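Here are the chains, one letter per residue:
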Amino acid sequence: MWKTATYSSLPTDTLSKWVSSCKSLNEHQYDFHLYDDDYLKNFVAKHYQEYFPLFRYLSGVYMADMARVLIAYHYGGIYMDLDFYCYKKFICLEGYVEKKLQERYSVSYRPKDILVVSNEPSVHAWLFKNKSRVIIQDFFMATPKHPFFKYILDDRMQKFYNNGNTTVKGPFSYHIHKDIDAYRALHDHSNSNHNRSLQSMRRRRTKRQRKISTTSEDIHPILSSSSVETKKTVPPPVILELSEDILHPLIDSTNHKLYDRCPSPSIFSPNFYWNSVKAVFVSSDIGHATSKKISCEIVQRREFLRPSVDTVLVHMWTHVYLGWNFVRKAYNSNIYALVASTLPQQDHC
């Protein structure tokens, strides 16, 4: 379990309470590490000299954005922002991921590279970005050395060098869905060529086996069909996008765009998207216009917390990088108390 922070800026009340509660809930299964800027600079200089020119150039939140990628790539495990509320244990999340993998793969055909990422609220995606999904890097759950991390690190380094060793803004912005899509497209193309190569190899081997079968297996025992080894293939690296009812992000009630873009009530009934037992989140299957209208209904009803029975973590959206004191006054702190009262911590799944 990895987190990054500047110790001097860490609040002594709310954030510290969330961090402590996550540690106490998971202390028997996970080790927790909290790093400051000085440690991270030494870590990158020691282990990743090839990325240090860019890392050294960055500062503040931009440096932290790159650090989380490097930490997750190097160690694996879980990285998450400080403003997460732990409702259930991480092993509940592990169980959910394992269930998803079992649905896709057999026991003998399992990927060795696994990355789990989270989504921004669908309301944010539709109203701020006009997209059905926005994936952010507030949470990573990964096996060590997942190739997606190297892909994004190499991509940013290449752009840094192409731009004369300078960068205008943070190269590791928290929206990474475009990088994931580009990585998948590249990997799918490579995997398609690999599959064609395997198919060609199997055809040649089958043809050779048929030819061998016409001769005596006593003369060619090592080439007989019974002794020909089949090369095992490993599934390509997996990136699993968890839905917002599992890693549940609060809707950011302080963002004025929510209200600017929802000036009038929607025509839809609340029951269209809300169920008292399990939240139904805005889907891309119903079209952009309809999705935006439903999103506005959610905003107008102030349903900023919408957990489900499957929720494990809640992202509280404190925006610490803007300055904790300012944000604490601006943000509706009552919702923090609402989260704690609605979702008291559980030590079971």
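Quick note: structure is the one above.
Residues numbered from 1 in each chain as written. Predicted model: local features only at pLDDT ≥ 70, side-chain atom pairs only at ≥ 80, totals over all residues. Heavy atoms only, no water.

Engineer: Any chance you could explain unusual backbone geometry here in plain terms?
Structural biologist: Glycine aside, residues mostly have negative phi angles, and peptide bonds mostly take the trans form. Notably, Asn 130 is not glycine yet its phi reads approximately 55°, a positive angle. Residue placement: Asn 130 occurs in the loop between α6 (122–129) and β6 (135–142). Its identity as a non-glycine residue notwithstanding, Arg 302 has a phi of 55°, on the positive side. Residue position: Arg 302 is located in the loop between α10 (288–300) and β9 (313–315). (Helix = DSSP H or I, 4+ residues; strand = E, 2+ residues; numbered from the N terminus.)

Engineer: Before we go on, may I ask you to explain the sheet that holds strand β8 (residues 247–249) in this structure?
Structural biologist: As a general point, the strands of a sheet are linked pairwise by backbone hydrogen bonds and lie either parallel or antiparallel. With mixed pairing, three strands are arranged side by side in an open sheet as β4-β9-β8. Strand pairing shows two members of the sheet lacking a second neighbour, β4 (84–86) and β8, which therefore form its edges. Adjacent strand axes in the sheet meet at a mean angle of 25°, parallel and antiparallel pairs treated alike. As paired elements, β4 and β9 share three bridges and run antiparallel to each other. (Pairing = 2+ DSSP bridges. Axes fitted to C-alpha atoms, helices over the stretch in contact; angles between N-to-C directions.)

Engineer: It is not clear to me how the state of the cysteines should be interpreted in this structure. Could you clarify?
Structural biologist: Simply put, the disulfide is a covalent bond whose two ends are the sulfur atoms of two cysteines. Across all of its chains, the model carries three disulfides by this definition. Across the disulfide, Cys 22 is cross-linked to Cys 86 (sulfur-sulfur distance 1.9 Å). Torsion about the S-S bond of the Cys 22 and Cys 86 cystine: about 100°, corresponding to right-handed handedness. Taken together, the residues span a long stretch of sequence, with Cys 22 in helix α1 (residues 14–26) and Cys 86 in strand β4 at a distance of 64 residues. In this pair, the class of Cys 22 matches that of Cys 86, namely buried. Covalent S-S linkage joins Cys 262 and Cys 296, the inter-sulfur distance amounting to 2.1 Å. Judged by the sign of its S-S torsion, about -80°, the cystine formed by Cys 262 and Cys 296 is left-handed. Of this pair, Cys 262 sits in the loop between α9 (257–260) and α10 while Cys 296 is found in helix α10, placing the two residues 34 residues apart along the sequence. Judged by its relative accessible area of 9%, Cys 296 falls in the buried class. For the chain, the disulfide bridges join cysteines in the arrangement 1-2, 3-6, 4-5, where the cysteines are counted in sequence order. (Disulfide = S-S within 2.5 Å. Buried < 20%, exposed > 50% of the residue type's maximum accessible area, 1.4 Å probe, protein only.)

Engineer: Before we go on, may I ask you to explain the nonpolar core in this structure?
Structural biologist: One recurring pattern in soluble globular proteins: nonpolar side chains tend to sit buried together. With 35 residues, the main nonpolar core has Phe 55, Met 66, Leu 70, Phe 140 and Phe 149 as its most contacted residues. Among the elements of the structure, α2 (37–47), α3 (52–57), α4 (60–75), β5 (114–119), β6, α7 (147–162) and α8 (177–212) are those that each provide at least two residues to this core. Here this core takes eight residues from α4, the largest share from any one element. Apart from the residues lying within four places of it in its own chain, the contact partners of Phe 140 are Arg 68, Val 69, Ala 72, Gly 77, Ile 78, Tyr 79, Leu 115, Val 116, Val 117, Phe 149 and Ile 176. Judged by nonpolar contacts, the second largest core, of 28 residues, contains Tyr 85, Leu 127, Val 134 and Ile 298. (Core = buried A, V, L, I, M, F, W, Y, C linked by side-chain atoms within 4.5 Å. Contact = heavy atoms within 4.5 Å.)

Engineer: What's the story with the side chain of His 177 in this structure? I'm lost.
Structural biologist: Note that His 177 resides in helix α8. Of note is the side chain of His 177, whose polar atom sits 3.4 Å from the backbone nitrogen of Ile 135. When neighbours within four sequence positions are excluded, His 177 is seen to be in contact with Lys 131, Arg 133, Val 134 and Ile 135. (Polar contact = N/O pair within 3.5 Å; in protein donor to acceptor, adjacent residues only side chain to side chain.)

Engineer: Any chance you could explain a positive patch on the surface here in plain terms?
Structural biologist: Together, Lys 129, Lys 131, Lys 178, Lys 257, Arg 261 and Lys 292 give the surface a local cluster of positive charge. By relative accessible area, Lys 257 is classed as partly exposed at 34%. (Patch = residues over 30% accessible without salt bridge, like charges linked within 9 Å, V, L, I, M, F, W, Y side chains within 5 Å. Areas by Shrake-Rupley, 256 points an atom, 1.4 Å probe, with all protein chains shown as cover. Salt bridge = Lys/Arg side-chain N within 4 Å of Asp/Glu carboxyl O. Lys, Arg positive; Asp, Glu negative; His and termini not counted. Charge placed at Lys NZ, Arg CZ, Asp CG, Glu CD.)

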